[in-house]
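So you can see what is in the structure, the chains are spelled out below.
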Amino acid sequence: MARSPQSSARPDDIDPSGPVRTCIGCRRRTAKRELLRVTAGSGDDGRPAVVPDPTATVPGRGAHLHPTQECYDLAVRRKAFGRALRISGTPGLPSTPVAEHIARTHVRPDDTTRNWSSSS
């Protein structure tokens with residue numbers, strides 16, 4: 001029996017018409033447009049930090065992450081930011097700007113069912 005030319009690392013549900021990247025949190029391959037790019041930069045205090053690059057225009061090495069709290073938590077727990085961005089000598093590089101960006105922009109599935117027009 002001949003092996004299928006398609007690798008198991010590339011599921012059928014990925015749109016092959018565009019670029020595909022791997023989320024550093026959950027390690028799933030997804031269309032690039034569905035992921036948040038992060039880079040090494042400076043936080044609000046001027047110190048080195050992992051920062052979001054939602055427009056994907058900052059030069060240099062980047063990593064991709066689903067813009068969800070779950071994938072962010074997995075990336076932090078696995079210490080994936082430093083490894084993916086190839087940052088050595090800076091253990092525990094803060095990724096707080098990424099967490100803040102996700103909290104501001106990510107809509108949780110349960111938030112879509114709330115009636116925001118009702119008064120509290």
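Counting restarts for each chain: residues are numbered from 1 in the order of the written sequence. Residue-level local features of this predicted model are given only where pLDDT is at least 70; pairs of side-chain atoms are given and counted only at 80 or more, and the full residue set underlies all totals for whole chains, interfaces and linings. Side-chain numbers come from the whole structure's heavy atoms, not from hydrogens or water.

*Asks:* Give me the lowdown on helix H3 (residues 96–105), citing residues and values where you can.
*Replies:* Three or four residues apart is the spacing at which side chains of an α-helix point the same way, because the helix has 3.6 residues per turn. Each residue gets one of three labels from its accessible area relative to the maximum for its type: buried under 20%, exposed over 50%, partly exposed in between, using a 1.4 Å probe on protein chains only. By definition, any uninterrupted DSSP run of H or I lasting at least four residues is a helix, any uninterrupted run of E lasting at least two residues is a strand, and each is numbered from the N terminus. Listed as buried for H3 are Pro97, Val98, Ala99, His101 and Ile102. Here, two residues are considered to be in contact whenever any of their heavy atoms come within 4.5 Å of each other. On its buried face, H3 sits against strand E3 (36–42), strand E4 (48–52), strand E5 (62–65) and helix H1 (69–77).

*Asks:* Give me the lowdown on the state of the cysteines, citing residues and values where you can.
*Replies:* Covalent bonding between the sulfur atoms of two cysteines defines a disulfide. Put simply, a disulfide is two cysteine sulfurs that come within 2.5 Å. Following the criterion strictly, the structure yields zero disulfides and no others. Note on Cys23: no disulfide assigned, nearest cysteine sulfur contributed by Cys26 at a separation of 3.8 Å. In this structure Cys71 is not part of a disulfide, and its nearest cysteine sulfur, from Cys26, lies 3.8 Å away. Look at Cys71 and you get buried, because its relative accessible area is 6%.

*Asks:* How would you sum up the sheet that holds E5? Please name residues and give values.
*Replies:* In a beta sheet, neighbouring strands are held together by backbone hydrogen bonds and run either parallel or antiparallel to one another. Within the open sheet, the three strands sit side by side as E4-E3-E5. Their pairing is antiparallel. At either end of the open sheet lies a strand with only one pairing partner, and these are E4 and E5. Recorded for the sheet is a direction-independent mean angle of 35° between the axes of neighbouring strands. We call two strands paired when DSSP finds no fewer than two bridges between them. The pairing of E3 with E5 spans four bridges and is classified as antiparallel. What sits directly across from Arg37, in E5, is His64. All axes here are fitted lines through C-alpha atoms, helices being fitted over the stretch that makes contact, and every angle between N-to-C directions spans 0 to 180 degrees.

*Asks:* I'd like to hear about the confidence of the model for the protein chain, residue by residue, with values.
*Replies:* Per-residue confidence for the protein chain gives a mean pLDDT of 80; residues scoring 70 or more make up 72%. Residue-level confidence of the predictor is what pLDDT reports, using numbers from 0 through 100. Confidence drops under a pLDDT of 50 for residues 3–10, and excluding neighbours within four residues, the segment shows five contacts in the predicted structure. Predicted confidence for residues 111–120 stays below pLDDT 50, and this span has two contacts to residues more than four positions away or in other chains.

*Asks:* Break down the packing of aromatic side chains for me, citing the residues and quoting the values.
*Replies:* For Phe, Tyr and Trp, where Trp contributes only its six-membered ring, two rings pair if their centres lie within 6.5 Å, and the inter-plane angle classes them as stacked under 30 degrees, edge-to-face over 60, or tilted in between. Overall, the coordinates contain one aromatic pair when judged by the stated rule. Here the aromatic rings of Tyr72 and Phe81 are separated by 6.0 Å at their centres, their planes lie at 45°, and the arrangement is tilted. Taken as a pair, Tyr72 and Phe81 share a single burial class, namely buried.

*Asks:* If you had to explain the pairing of E3 to someone new, which residues and values would you point to?
*Replies:* Bridge count between E3 and E4: five bridges; the pairing is antiparallel. When the sheet's bridge partners are listed, Ser42 is paired in E4 with Pro48. Count of turn residues in the E3/E4 antiparallel hairpin: five residues, of which Gly46 carries a positive phi of about 85°.

*Asks:* So what about the environment of Val38? Which residues, and what values?
*Replies:* Inspection of the secondary structure puts Val38 in strand E3. Val38 sits in the buried class, given a relative accessible area of 0%. Along the sequence, Val38 and Ser95 sit 57 residues apart, while their C-alpha atoms lie 9.4 Å from each other. Once residues within four sequence positions are removed from consideration, Val38 is found in contact with Val50, Val51, Pro52, Asp53, Arg61, Gly62, Ala63, Phe81, Leu85 and Val98.

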